[in-house]
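# Observations on the model geometry
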Amino acid sequence: MRILVTGGTGYIGSHTVLSLLEAGHEVLVVDNLVNSSEESLRRVVELAGKAAAFHHVDLVDAGALESVFDQHSIDAVIHFAGLKAVGESVEEPLNYYYNNVGGTLNLLRAMDKYGVRSIVFSSSATVYGEHNPIPYVEKMEIGANNPYGRTKEQIEDVLTDLGAADERWHIALLRYFNPVGAHPSGRIGEDPQGIPNNLVPYIAQVAVGRREKLMVFGGDYDTPDGTCLRDYIHVVDLAEGHVAALDYVAVRPGVHRWNLGSGKGTSVLEMLHAFEQAVGHALPYEITGRRAGDLPAFWADASSALADLSWSTTKTVDQMCEDHWRWQKNNPLGYSS
Ligand code: NAD
Ligand code: WQD
């Protein structure tokens, strides 16, 4: 198939483009480079030994987006493009709704106009909100507790309504848990701009000497070691999950929802210690106050993806840390190294 990947130069997008090329698909990337660089795609092409077209286009520019559909015959879309920082979304909600929801509406209208009605969408575990019991199951009521999460919820609603209104649509809503790690080559990985918001990129920057120490946000949660539990998933497993979801929806219309997670929780300190193993020495950290909005623990019920897609995670927390560290060590300043 010829797949349009929005946000394909970003962290998860770049790994998925590589998996798609390896699986024999043709790929076309659209990205406005607001949080990524074209260097990631150059490296993906090098790793795959296959070409992929790139269009520097912002999804909020409906005309520019349509011209991409005009130039290429596209079979399906994997839609990663979006802003993703929870704290920033609280401060700039308008920007988040405009970019994430507005950009998606332009994309869906262009797809409809050109008769491309298969889409795999990057949703998030954050849509489960704060009131659901763990593990999270796809059939639970959703309700995010921050603007970023609500953009994901609103896009899920739009896609659900679209699938109900028009049976020609083939839709996958993928709710990712906590993606970490990097391709084992160490050539592509996560390249956060500024101070990392997320745990593993922060630890990696401590390990490479760019940050002084890890602040562990809260050591007094009701968990085995007092720190929060999350369901970390290796980005390569996540990328493979997209290829599996795409193959599934290609031949099955309707709206399908899957959690992509490992089904188990790992604490902040366990993650830190696994990273220390990868690096080969201890890393400085301090336990500080809780971060507003953090839940003590959540993880996926990952059984639907296994049953429907024959997909499950294959990589351990140790592999996530080893691969993340290889990427960070080889590229201390990310793609601008
Ligand atoms: P990322 O920032 O690395 O990738 C997103 C890409 O989208 C970037 O390359 C960015 O330049 C591009 N982009 C943003 N707005 C755009 C627009 N208007 N037009 C064109 N391109 C645009 O983030 P990621 O971690 O790879 O996340 C990919 C997707 O997965 C996002 O939708 C994110 O919300 C979702 N997600 C991420 C996580 C996570 O923890 N990384 C978890 C759950 C869901
Ligand atoms: C994990 C744990 C922190 C940084 C976020 C988004 C979510 C999804 C994934 C997109 C928590 C602790 C972190 C640090 C720390 N993204 N931590 N020190 O919050 O589970 O999820 O990313 O959809 O929507 O909210 O991930 O990596 O930020 O935090 O102690 O410097 O690490 O408190 O317990 P989170 P995270």
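Residues numbered from 1 in each chain as written. Chains lettered and ligands numbered in written order. Predicted model: local features only at pLDDT ≥ 70, side-chain atom pairs only at ≥ 80, totals over all residues. Heavy atoms only, no water.

For the protein chain, an unreviewed UniProt entry supplies the name UDP-glucose 4-epimerase and the organism Arthrobacter methylotrophus. Note on the protein chain: under the UniProt heading Sequence similarities (unreviewed entry), the record states "Belongs to the NAD(P)-dependent epimerase/dehydratase family." The UniProt entry for the protein chain carries this comment under Catalytic activity (unreviewed entry): "UDP-alpha-D-glucose = UDP-alpha-D-galactose". (UniProt positions renumbered as here; feature names shortened; annotations may be inferred.)

### A few points about the packing of helix α7 (residues 199-207) against helix α11 (residues 317-330)
Packing of α7 against α11 leaves a shortest axis separation of 10 Å and a crossing angle of 50 degrees. Classified by the angle their axes make, α7 and α11 are oblique. The handedness of the crossing between α7 and α11 is right-handed. Contacts between α7 and α11 involve V200, P201, A204, Q205 and A207 from the first element and H324, W325 and Q328 from the second. Taken together, the residues of the contact of α7 with α11 sort by class into five nonpolar, three polar and no charged. (Axes fitted to C-alpha atoms, helices over the stretch in contact; angles between N-to-C directions. Helix = DSSP H or I, 4+ residues; strand = E, 2+ residues; numbered from the N terminus. Parallel < 35°, antiparallel > 145°, perpendicular 65-115°, else oblique. Left-handed = near helix turned anticlockwise from the far one by under 90°. Contact = heavy atoms within 4.5 Å. Nonpolar A, V, L, I, M, F, W, Y, C, P; charged D, E, K, R; others polar.)

### Structural notes on the site of ligand 1
The immediate surroundings of ligand 1 are formed by 27 residues, with D31, N35, S36, F80 and Y148 found nearest. With respect to ligand 1, the backbone of I12 contributes an N or O atom lying 2.8 Å from an oxygen atom. One nitrogen or oxygen atom from the main chain of F80 is found 2.7 Å from an oxygen atom belonging to ligand 1. Protein contacts shield 95% of the accessible area of ligand 1, which totals 820 Å² for the unbound molecule. Where the shell around ligand 1 is concerned, the elements lending two or more residues are α1 (11-22), β5 (118-124) and α6 (147-165). For the shell around ligand 1, the element with the highest residue contribution is β5, accounting for three residues. Residues of the shell around ligand 1, tallied by class, amount to 12 nonpolar, 11 polar and four charged. (Near = heavy atom within 4 Å. Polar contact = N/O pair within 3.5 Å; in protein donor to acceptor, adjacent residues only side chain to side chain. Areas by Shrake-Rupley, 256 points an atom, 1.4 Å probe, with all protein chains shown as cover.)

### Things to note about the pattern of salt bridges
Opposite charge on two side chains allows them to pair when their charged atoms are near. Applying the stated rule across the entire model yields 15 salt bridges. Across the pair R43 and E39 runs a salt bridge whose closest N-O atoms are separated by 2.8 Å. One end of the pair, R43, and the other, E39, are both in helix α2 (residues 39-48), four residues apart, so they sit about a helical turn from each other. Residue classification places E39 among the partly exposed residues on the basis of a relative accessible area of 21%. (Salt bridge = Lys/Arg side-chain N within 4 Å of Asp/Glu carboxyl O. Buried < 20%, exposed > 50% of the residue type's maximum accessible area, 1.4 Å probe, protein only.)

### Notes on the confidence of the model for the protein chain
When the pLDDT values of the protein chain are averaged, the result is 98; 100% of them are 70 or greater. Prediction confidence for the complex, expressed as pTM and ipTM, is 0.99 and 0.99 respectively. (pLDDT = per-residue confidence, 0-100.)

### Focus on α1
Helical periodicity: at 3.6 residues per turn, an α-helix aligns residues three or four positions apart in one direction. The end-to-end C-alpha distance of α1 is 17 Å, a good match for the 16 Å that 12 residues give at a rise of 1.5 Å each. Taking burial as the measure, the 12 residues of α1 include 11 buried ones, the bulk of the element. When α1 is considered as a whole, its buried residues turn out to be Y11, I12, G13, S14, H15, T16, V17, L18, S19, L20 and L21. (Expected span 1.5 Å × (residues − 1).)

### Brief notes about the pairing of strand β3 (residues 53-56)
In terms of strand pairing, strand β2 (residues 26-31) meets β3 through four bridges, oriented parallel. Residue pairing in the sheet places V29 in a bridge with F54 of β3. (Pairing = 2+ DSSP bridges.)

### Digging into the side chain of N146
Along the chain, N146 falls in the loop between β5 and α6. Contacts of N146, omitting those with residues within four sequence positions, involve V86, S89 and T126.

### Brief notes about the site of ligand 2
Taken together, 19 residues form the shell around ligand 2, and within it S124, Y148, M215, R230 and D294 come nearest. Between ligand 2 and the protein, one listed contact pairs an oxygen atom with a backbone N or O atom of L199 at 2.8 Å. Separating an oxygen atom of ligand 2 from a side-chain N or O atom of R230 is a distance of 2.5 Å. In isolation ligand 2 exposes 690 Å². Once the protein is present, 88% of that is buried. Of all the secondary structure elements, the ones that give two or more residues to the shell around ligand 2 are α7 and β8 (214-217). Sort the elements by how many residues they give to the shell around ligand 2 and β8 lands first, with four residues. For the shell around ligand 2, the residue count by class is 11 nonpolar, five polar and three charged.

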